[in-house]
Amino acid sequence: MEQDEKFISGFCRTLNRTNTVCCEYEEVNGKKKLVFMDCYYESCEHHSSCLIYKEAVGD
C-alpha cells in the first residue's frame, strides 16, 4: 500500500489564522483517499465549512 503526503495552507477558523496542515493519503482502487489530517478536522467545530479540508479531499 502506497502512502503520500501533501501540505496544504489555508485559513483556519478555529485558530483564527493561517495554518499549514499535513495530509496523508493512501491509494485505494487506483484513487487517492485522505486518511489523516494533523489538524484533527473530525473533532473541529468548523469541519463542515473548512476550506482546507475541502481542498484536501478535492471538493
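Our structure is the block above this text.
Described below are features of the structure shown in this document. (Residues numbered from 1 in each chain as written. Predicted model: local features only at pLDDT ≥ 70, side-chain atom pairs only at ≥ 80, totals over all residues. Heavy atoms only, no water.)

Looking at the overall build of the protein chain
- A count of helices and strands for the protein chain gives 1 helix and 3 strands.
- Overall, the protein chain shows an N-to-C arrangement of helices and strands of β-β-β-α.
- Relative to its 59 residues, the protein chain shows a buried fraction of 27%.
- Taking the contacts inside the protein chain whose residues are at least 6 apart along the sequence as the reference set, 22% of them involve residues at least 24 apart.
- About 4500 Å² of surface is accessible on the protein chain, with carbon and sulfur atoms providing 47% of the total.
- Taking the 7 positively charged and 11 negatively charged side chains of the protein chain as two groups, their mean positions are separated by 7 Å. (Helix = DSSP H or I, 4+ residues; strand = E, 2+ residues; numbered from the N terminus. Buried < 20%, exposed > 50% of the residue type's maximum accessible area, 1.4 Å probe, protein only. Contact = heavy atoms within 4.5 Å. Areas by Shrake-Rupley, 256 points an atom, 1.4 Å probe, with all protein chains shown as cover. Lys, Arg positive; Asp, Glu negative; His and termini not counted. Charge placed at Lys NZ, Arg CZ, Asp CG, Glu CD.)

Points about the nonpolar core
- Of all hydrophobic cores here, the largest spans 10 residues; its members are Ile8, Val21, Cys23, Tyr25, Leu34, Met37, Tyr41, Cys50, Ile52 and Ala56.
- Those elements that place two or more of their residues in this core are β2 (17–28), β3 (31–37) and α1 (51–57).
- A total of 3 residues in this core trace back to one element, the largest contributor, which is β2. (Core = buried A, V, L, I, M, F, W, Y, C linked by side-chain atoms within 4.5 Å.)

This is a description of form; function is not addressed.
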